[in-house]
Amino acid sequence: MLHRNLIAGEWVGGDGATNVNPSNTNDIVGEYARASCDQARAAIAAAKAAFPAWSLSPILERHALLKKAADEIIARKEELGRLLAREEGKTLPEAIGEVTRAGQIFDFFAGEVLRLSGEVLPSVRPGVGVEITRDPIGVVGVITPWNFPIAIPAWKIAPALAYGNTVVLKPADLVPGCAWALVDILHRAGAPAGVVNLVMGRGSVVGQTMLDSPELDAITFTGSTGTGRRVALASIDHNRKYQLEMGGKNPFVILDDADLSVAVEAAANSSFFSTGQRCTASSRLIVTDGIHDRFVAALTERLRSLVVDDALKPGTHIGPVVDAGQLRQDEDYIDIGKKEGAHLAFGGDRLERDNPGFFLQPALFTQASNRMRIAREEIFGPVAAVIRVKDYDEALATANDTSFGLSSGIATTSLKHATHFKRHSEAGMVMVNLPTAGVDFHVPFGGRKGSSYGPREQGRYAAEFYTTVKTAYTSA
Ligand code: NAD
């Protein structure tokens, strides 16, 4: 069966592309239609036509749609988790966790629809009243990456709809399956024609058509820094609101006074779980002198115990890399690290498993410096570098010495250092004795510097992007 695009409430065909399982390239997840430029433009026109009615729709209608979607996502979490694990390669428990989170996000924003509010203030002019309300912004283009195939579309679409916007979703070409399933759920849950549109396909075709369209009022983008820059430049030309979530080079600091087992578990999780393919993954482990050797020995031991295998196999800790291109990029960086003079202390080899897939042993560098490319550029794979420093001050300075600023972490038992780090870390999200990745669904998500641009996503802060503030004055 060809999974088609949804435009103006109709499923529309097109050239099919094959969705392949990175754990087993003989396993075809499905055929998904790639939208043409004309179809992308038709989807935007449909969203524009649907906007006036949806923006004024009764809040109970919006609440019911989001709640129904939330309930179905949660009810189908095992099945959708399998689909996610098959198309993206994260392990089944990780995938089920991501699907659950998508459901929770829809549930949260179903609640937010019922909590829409504004302010009524006295004017400085006698006899005049001031009301401050939030209006929807219009047609929102949603462009998403491959590494969270359902959670990221969910955390953009749910608030967009809750606040009365209409949506055109373009998921990453590598992982159309979960996006299709999500849009199918919303369609069957009763989204009126044109309120949610799906255009799968290539960034250079479908995504670029969206960037070039004067009809899109806003674009919310998550992906690489390079593409984010294109979104920004095109949006400026069209006077369009935009929001970017991009790359990271997240530091995890381990201090002498850390609980070693907490530090090792958090580091292994931060750097290698989900195959290191999380924007919040830590690829820089910044370790003070006194604990350095013990930490490296214990982390290496932990890595030895991690099972890299088929994402669906029980007992797998780390699934495959998402595709051949990303595997090449990971291996290139492993070579770069060696050539730069870092010591490959563990892993980095390709692994053969029962079926053909993109399996890579987690790679740990030691003797790295923060000037090396492996410490400055996003690799986006299971590759981390240990950077040795003399004390907390040097650790903090090293952690902040990066062009990115998404998340950061510290392992310490010192209240003083934990408090100082939370205050002075130049990141949007700071973790103490926790992995740099793994966040709640009801609080703001986002970063600083080269990692993010625009308002935060998720939680109540999402309203900043998906609405525009109106100040109305009335003379009684
Ligand atoms: P990518 O930039 O290659 O693609 C992201 C999306 O943009 C895809 O849907 C792609 O098709 C589309 N696209 C590509 N070219 C385009 C163009 N010319 N016009 C419009 N759209 C275009 O990123 P990716 O490889 O899918 O994802 C990995 C990246 O995403 C990493 O850098 C990672 O750090 C980042 N990421 C960031 C966050 C965050 O919240 N900060 C979360 C997840 C992933």
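This is a predicted model, so every value here is computed, not measured.

S.K.: Any chance you could explain the overall build of the chain here in plain terms?
M.R.: Looking only at helices and strands, one finds 15 helices and 25 strands in the chain. Relative to the compact-globule value of 23 Å for 476 residues, the chain shows a C-alpha radius of gyration of 23 Å, a close match. Dimensions of the chain along its principal axes, counting C-alpha atoms only, are 70 × 60 × 40 Å. Burial status across the chain gives 58% buried among its 476 residues.

S.K.: I'm lost on the sheet that holds strand β25 (residues 467-475) in this one. Help?
M.R.: Strands belonging to one sheet form pairs held by backbone hydrogen bonds; the direction of such a pair is parallel or antiparallel. With respect to topology, three strands assemble into an open sheet ordered β6-β7-β25, the strand pairing being antiparallel. In this open sheet, the two edge strands, each paired with only one partner strand, are β6 (119-122) and β25. If you compare each strand with its neighbour and ignore which way they point, the axes differ by 25° on average. Of the strand pairs in this sheet, β6 and strand β7 (residues 128-136) are connected by four bridges, and their pairing is antiparallel. In the strand pairing of β7, E119 is matched with I132.

S.K.: What exactly am I supposed to notice about the site of the ligand here?
M.R.: Surrounding the ligand, one finds 27 residues, the nearest of these being T144, S224, T227, M246 and E378. G223 places a polar main-chain atom, nitrogen or oxygen, 3.3 Å from an oxygen atom of the ligand. Here an oxygen atom of the ligand sits 2.7 Å away from a polar atom, N or O, in the side chain of T227. Across the complex, the protein chains shield 88% of the 850 Å² of accessible surface that the ligand would expose by itself. At the level of elements, α7 (203-212), β11 (218-222) and α8 (225-237) are the ones that each hand at least two residues to the shell around the ligand. Per element, the largest residue contribution to the shell around the ligand is four residues, and it comes from α7. Here the shell around the ligand is composed, by residue class, of 13 nonpolar, ten polar and four charged.

S.K.: Would you take a moment to explain a nonpolar patch on the surface for this structure?
M.R.: A surface patch of nonpolar side chains, amounting to about 360 Å² of accessible area, comprises I59, L60, L114 and L116. Locating L60 in the fold gives a position in helix α2 (residues 59-75). Look at L60 and you get exposed, because its relative accessible area is 58%.

S.K.: How should I be thinking about the side chain of S414 in this particular structure?
M.R.: Locating S414 in the fold gives a position in the loop between β21 (407-411) and α14 (415-424). A distance of 2.9 Å separates a polar side-chain atom of S414 from the backbone nitrogen of H417.

S.K.: What is the right way to read the domain arrangement of the chain from this model?
M.R.: Many authors give the size of an interface as the accessible area that is lost as the parts come together. Looking at the chain, the domain boundaries give domain 1 (2-246 + 451-475) and domain 2 (250-432). When each unit is reduced to the centre of its C-alpha atoms, the spacing between domain 1 and domain 2 is 31 Å. Each partner contributes residues to the interface: domain 1 has 24 residues there, and domain 2 has 27 residues. Carbon and sulfur atoms make up 58% of the surface buried where domain 1 meets domain 2, a total of about 2100 Å² over both sides. On the domain 1 side of the interface with domain 2, the three residues burying the most area are S23, W146 and S451, jointly 25% of the side's total. There are zero salt bridges connecting domain 1 and domain 2. In this structure, the connection of domain 1 to domain 2 is made through eight residue pairs in polar contact (both at pLDDT 80 or more). Those elements giving two or more residues to the side of domain 1 that touches domain 2 turn out to be β5 (24-34), α3 (77-88) and α4 (92-113). Looking at side-chain class alone, the side of domain 1 that touches domain 2 contains seven nonpolar, ten polar and seven charged residues.

S.K.: Would you mind going over the pattern of salt bridges with me for this structure?
M.R.: Scanning the model with the defined rule gives 29 salt bridges in all. Among the ionic pairs, K48 bridges to E215, the shortest N-O distance being 3.1 Å. Of this pair, K48 sits in helix α1 (residues 37-55) while E215 sits in the loop between α7 and β11; the two residues are 167 residues apart in sequence, bridging distant segments of the chain. Here K48 falls in the partly exposed class, since its relative accessible area comes to 44%. A salt bridge links K449 to E426, with the nearest nitrogen and oxygen atoms 2.9 Å apart. Pair noted here: K449 is in strand β23 (residues 448-449) and E426 is in the loop between α14 and β22 (429-432), with a separation of 23 residues, a long-range link.

S.K.: Sorry, what's going on with the nonpolar core here?
M.R.: The nonpolar side chains of a soluble globular protein tend to be buried with one another. Core analysis: the biggest nonpolar cluster contains 67 residues, and F106, F109, L161 and L186 have the highest contact counts within it. Ranked by residues supplied to this core, first place goes to α4 with eleven residues. The residues touching F109, leaving out its near neighbours within four places in the chain, are L66, A158, P159, A162, Y163, Q458, G459 and A462. Membership of the second largest hydrophobic core comes to 28 residues, among which are V253, L327, A395 and I410.

S.K.: Where do I start with the packing of helix α13 (residues 392-400) against α14 in this structure?
M.R.: Axes are the key here: two packed helices are described by the angle between their axes and the distance separating the axes. Direction vectors running N to C along α13 and α14 enclose 25°, while the axes themselves pass 11 Å from each other. In this view, α13 runs roughly parallel relative to α14, as classed from their interaxial angle. Here the hand of the crossing between α13 and α14 comes out right-handed. Residues Y392, L396, A399 and N400 of α13 form the contact with α14, whose participating residues are H417, H420, F421 and H424. In the contact of α13 with α14, the residues fall into four nonpolar, four polar and no charged.

S.K.: Looking at this model, I keep getting lost on the sheet that holds β21. Mind explaining?
M.R.: Strand order in the open sheet made by the seven strands is β15-β18-β19-β14-β13-β21-β22, with mixed pairing throughout. Of all strands in the sheet, those bounded by a partner on one side alone are β15 (343-346) and β22. Direction aside, neighbouring strands of the sheet carry axes that sit 25° apart on average. Bridge count between strand β13 (residues 250-254) and β21: three bridges; the pairing is parallel.

Rules used throughout
- Residues numbered from 1 in each chain as written.
- Predicted model: local features only at pLDDT ≥ 70, side-chain atom pairs only at ≥ 80, totals over all residues.
- Heavy atoms only, no water.
- Helix = DSSP H or I, 4+ residues; strand = E, 2+ residues; numbered from the N terminus.
- Rg over C-alpha atoms; globule rule 2.2 N^0.38 Å.
- Buried < 20%, exposed > 50% of the residue type's maximum accessible area, 1.4 Å probe, protein only.
- Pairing = 2+ DSSP bridges.
- Axes fitted to C-alpha atoms, helices over the stretch in contact; angles between N-to-C directions.
- Near = heavy atom within 4 Å.
- Polar contact = N/O pair within 3.5 Å; in protein donor to acceptor, adjacent residues only side chain to side chain.
- Areas by Shrake-Rupley, 256 points an atom, 1.4 Å probe, with all protein chains shown as cover.
- Nonpolar A, V, L, I, M, F, W, Y, C, P; charged D, E, K, R; others polar.
- Patch = residues over 30% accessible without salt bridge, like charges linked within 9 Å, V, L, I, M, F, W, Y side chains within 5 Å.
- Salt bridge = Lys/Arg side-chain N within 4 Å of Asp/Glu carboxyl O.
- Domains from an automatic or database assignment.
- Contact = heavy atoms within 4.5 Å.
- Buried area = accessible area lost by both parts, 1.4 Å probe.
- Core = buried A, V, L, I, M, F, W, Y, C linked by side-chain atoms within 4.5 Å.
- Parallel < 35°, antiparallel > 145°, perpendicular 65-115°, else oblique.
- Left-handed = near helix turned anticlockwise from the far one by under 90°.

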